[in-house]
There are 2 protein chains.
Amino acid sequence: MSRPTIFDVARGAGVAISTVSRAFSNPQRVAEETRERILRVAEELGYVPNPHARALTSRRTETIAMVVSDITNPHFFEIIRGAEMRAKASRFTLVLVNAEESARIEMEQIARLARSVDGFLLAASRLPDEDLLQLAGTHSVVMVNRQVQGIPSVILDQKEGCRQLVVHLASLGHSSVVYLSGPRNSWIAASRWQAIRDSAAACGMSALRMGPYTPTVSHGGAAADAALTTGATALIAHNDLLAIGVLRRLAARSVRVPEDVSVAGFDNIFAADLCSPSLTTLSGVHADLGRSAVELLLDGVAPGPRTGEAPRLVLPSQLVLRSSTGPAPVAV
Amino acid sequence: MSRPTIFDVARGAGVAISTVSRAFSNPQRVAEETRERILRVAEELGYVPNPHARALTSRRTETIAMVVSDITNPHFFEIIRGAEMRAKASRFTLVLVNAEESARIEMEQIARLARSVDGFLLAASRLPDEDLLQLAGTHSVVMVNRQVQGIPSVILDQKEGCRQLVVHLASLGHSSVVYLSGPRNSWIAASRWQAIRDSAAACGMSALRMGPYTPTVSHGGAAADAALTTGATALIAHNDLLAIGVLRRLAARSVRVPEDVSVAGFDNIFAADLCSPSLTTLSGVHADLGRSAVELLLDGVAPGPRTGEAPRLVLPSQLVLRSSTGPAPVAV
DNA sequence: GAAAGGGCGGCAAGCCCTTGCCATGTGTTT
DNA sequence: AAACACATGGCAAGGGCTTGCCGCCCTTTC
């Protein structure tokens, strides 16, 4: 015996299938009494509407896709987690896809899912602006940790966060800072560098960008070596993973942190508090990024007139001071 | 202009829609030459089959759902990651759902998705065996980190791993070990305790189970306090998070690790190598769990005769020795 | 050269719902 | 009492695809 369909419910309740359909998807269109009867019959029969049949005509799927640029990066998991929880709260299903740091794969995956989801969450997308704008023309899209004019987005406040971080370093007496940059086409890396450079200028510090580096622990070694050649006393790594890699290499080279060199990262991952020395980092509630992004997407997906402007959410970030930053060494 | 359908392609290629359909889903059923022509037209038109229409008749969705018992637990992310990558390799889509440690929610989510996916990956399911067996009767199911008679599963080798861990502690001179247990209805917690108890007995050690504890850092404090009352010199925590919490509390209470007490965990999370002292832990390639689980599921989903037995994969685990375990203190 | 077989394409019946439009019945207004 | 508005339910046309079955034609076989 196969699963009951809308016909079985209609027969059981003595109504037309259209009425059953509306009892589920358009409740106020059906008399209270009728609806209750239908729901009761459906319950008894164990009827669940077939989502595909539903999607076929209604073009709504109650599913959203989250595309992350690199699923191996633990930083995204908080975002994914927040997104999943928020999606679930609205009875939406979350599909997870990995772009493997490739714009081509990202595009392929999006094309593949275009018909199966109501919208896309693009986390740290590597696609060029044009592609994104085109996509946003035909689908609901929300960017996470990237801003593109005209597309809704959610980011953590890099500007203010970087400013605080630079001011912190400046007030410790550092006069030069190196930013160990993340991937070349990472919007957030560009945005961090810009904020660091501007803030450094405002503090009278010199700022230098090095890299790009793949932001993993294993690439921290090269980054540290390169940074040491500059003589800078303050290092800001693109993220905590890279920063931890830097710390390791510095330890291996007997460079003391923070006595000789100060190091800071981004994301405040769990390990940032455990490594030695513990890591000063720019923190933020990443789960909220995912949550807010879904919220924005659901707003956009909902029928009704668009508000004129694409919303740009900027969530607060906060500086977490630990022991990897300290006073600049006294000049020799 | 709306998206092209199979009709447009059929017209363009001068064939019937059934032929177009087969050109995509049953290539060897169509002459090579015809197929090429169809694919070329489809390409030109930008035709992509509508997955919902497809699913409606074929009952295949090329989608699998991964249900995790608690999405806030970082341990799962490796598994999710492995699963996503493997699914993608077979052009399957992965849906992620969170059971929030609740059997009820887990069941609801499964019911909701039952029609939209080809199968379920249940990671650390909290459902009773009966429910799982019933589910496995109607759907393709693969269990991750749990074994149920008759259902395909993938686990890390707890038994041998725990044995090695206990032998390691025994050979360091410890004569008593405490297992700080994970959640009550966690299969893996039960399985670990059983392996620890048996191995301890074989080594002439006494073993004690305490808890259950929610396996997070914050619950490690209570676990540590409780464990200290027993006078045991070796502590095995349900996972690394709990172990790190234990380490923190011990440090706060000035109990030296490993001089006074040895501590070990499970999972070898990234932070295990960074905490102080670094943590001895039972490691395993968790991404492989996800990968293998998807593989098993795809095997099960594929048409064709079932092999008689439900496969039970046991992936190797390995003991990673770090500095949180050491010789037992000399008795006073 | 006739019969048998295989490869290939087409027909048409679904798969299970949503939704625009119409029909009916009831209550309200003038 | 006529005219109307509104609430409610039904009809039927899809939505875009898969697949069992049939039939055609070209090979092969004896």
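Remember, predicted model here, so these are calculated numbers, not experimental data. (Residues numbered from 1 in each chain as written. Chains lettered and ligands numbered in written order. Predicted model: local features only at pLDDT ≥ 70, side-chain atom pairs only at ≥ 80, totals over all residues. Heavy atoms only, no water.)

Trainee: With reference to specific residues and values, describe the overall build of chain A.
Mentor: Helix and strand counts for chain A stand at twelve helices and twelve strands. A compact globule built from 332 residues should have a C-alpha radius of gyration of about 20 Å, whereas chain A, at 25 Å, is more than 25% larger. Taken over the C-alpha atoms alone, chain A extends approximately 90 × 35 × 35 Å along its principal axes. Evaluated residue by residue, chain A yields a buried proportion of 54% over its 332 residues. Within chain A, contacts between residues at least 6 apart in sequence are counted, and of these 69% link residues at least 24 apart. Within the structure as shown, chain A displays about 14500 Å² of accessible surface, and the carbon and sulfur contribution to it stands at 52%. Taken together, the 33 basic and 31 acidic charged side chains of chain A have centroids lying 3 Å from each other. (Helix = DSSP H or I, 4+ residues; strand = E, 2+ residues; numbered from the N terminus. Rg over C-alpha atoms; globule rule 2.2 N^0.38 Å. Buried < 20%, exposed > 50% of the residue type's maximum accessible area, 1.4 Å probe, protein only. Contact = heavy atoms within 4.5 Å. Areas by Shrake-Rupley, 256 points an atom, 1.4 Å probe, with all protein chains shown as cover. Lys, Arg positive; Asp, Glu negative; His and termini not counted. Charge placed at Lys NZ, Arg CZ, Asp CG, Glu CD.)

Trainee: Outline the protein's contact with DNA strand D, listing residues and values.
Mentor: Inspection of the region around DNA strand D gives 31 residues, with Thr19, Arg29 and Thr34 of chain A together with Ile6 and Ser21 of chain B positioned closest. At the protein interface, 58% of the atoms of DNA strand D within 4 Å belong to sugar or phosphate. At 2.5 Å, a side-chain N or O of Arg29 of chain A approaches a base oxygen of DNA strand D. When residues of the surface near DNA strand D are traced back to their parent elements, those giving at least two are helix H2 (17-25) and helix H4 (51-58) of chain A together with helix H2 (17-25) and helix H4 (51-58) of chain B. Grouping the amino acids of the surface near DNA strand D by side-chain chemistry returns 13 nonpolar, eleven polar and seven charged. (Near = heavy atom within 4 Å. Polar contact = N/O pair within 3.5 Å; in protein donor to acceptor, adjacent residues only side chain to side chain. Nonpolar A, V, L, I, M, F, W, Y, C, P; charged D, E, K, R; others polar.)

Trainee: How would you sum up empty space enclosed by the protein? Please name residues and give values.
Mentor: Residue and element names in this part refer to chain A. As enumerated under the stated definition, the model contains five cavities of 30 Å³ or more in all. By volume, the largest cavity is sized at about 190 Å³. What lines the largest cavity is a set of 17 residues, among which Asn73, His75, Phe76, Ile188 and His238 lie closest to the centre. Of all the secondary-structure elements, those providing two or more residues to the lining of the largest cavity are helix H5 (75-89) and helix H9 (187-203). Here the residues of the lining of the largest cavity are counted per class, giving five nonpolar, seven polar and five charged. Shared between two domains, the lining of the largest cavity holds at least three residues of each, these being domain 2 (63-156 + 286-317) and domain 3 (158-285). In this structure, the second largest cavity spans a volume of roughly 70 Å³. Surrounding the second largest cavity, His75, Asn145, Leu156, Gln158, Ile188, Arg192, Phe266, Asp267, Leu282, Ser283, His286 and Ser317 form its lining. (1 Å grid on protein atoms, 1.4 Å probe; cavity = no way out; pocket = protein on both sides within 12 Å on 5 of 7 lines; lining within 4 Å. Points joined across faces, edges and corners; volume = space filled by probe spheres on them. Domains from an automatic or database assignment.)

Trainee: Break down the side chain of Ser324 of chain A for me, citing the residues and quoting the values.
Mentor: On the secondary structure map, Ser324 of chain A appears in the segment after strand S12 (317-320). A distance of 2.8 Å separates a polar atom in the side chain of Ser324 of chain A from the backbone nitrogen of Thr280 of chain A.

Trainee: Outline the relation of the copies chain B and chain A, listing residues and values.
Mentor: Once chain B has been moved 0.0 Å along the axis and rotated by 180°, it coincides with chain A to within an RMSD of 0.1 Å. Read as a symmetry element, the transformation amounts to a two-fold axis. Taken as a fraction of all interface residues of chain B, those also at the interface in chain A reach 100%, which identifies the copy contact as same-surface. (Least-squares fit on C-alpha atoms with pLDDT ≥ 70 in both.)

Trainee: Describe the sheet that holds strand S6 (residues 176-180) of chain B, and please don't skip the residues or the numbers.
Mentor: Residue and element names in this part refer to chain B. If you walk across this open sheet you meet the six strands as S7-S6-S8-S9-S10-S12, and the pairing is mixed. Of all strands in the sheet, those with a lone pairing partner are strand S7 (206-210) and strand S12 (317-320), marking the two edges. The sheet shows a mean angle of 20° between the axes of neighbouring strands, direction not considered. Pairing of strand S9 (residues 262-266) with strand S10 (residues 280-284), which is carried by three bridges, proceeds in the parallel orientation. Bridging from a neighbouring strand, Phe266 pairs with Leu282 of S10. With respect to the sheet, helix H9 (residues 187-203) is in contact with S6, S7, strand S8 (234-237) and S9, its orientation differing from that of S6 by roughly 175°. Those strands touched by helix H10 (residues 220-228) are S6, S7 and S8, and its axis lies near 155° from that of S6. (Pairing = 2+ DSSP bridges. Axes fitted to C-alpha atoms, helices over the stretch in contact; angles between N-to-C directions.)

Trainee: Which residues make up the sheet that holds strand S6 (residues 176-180) of chain A, and what values do they have?
Mentor: All names here are of chain A. Reading across from one edge, S7-S6-S8-S9-S10-S12 is the order of the six strands in this open sheet, with mixed pairing throughout. The sheet is open, and its two edges are formed by strand S7 (206-210) and S12, each paired on a single side. Adjacent strand axes in the sheet meet at a mean angle of 20° when their direction is disregarded. Contacting S6, strand S8 (234-237), strand S9 (262-266), strand S10 (280-284) and S12, helix H8 (residues 158-171) crosses the sheet at an angle of about 170° to S9. Contacting S6, S7 and S8, helix H10 (residues 220-228) crosses the sheet at an angle of about 155° to S6.

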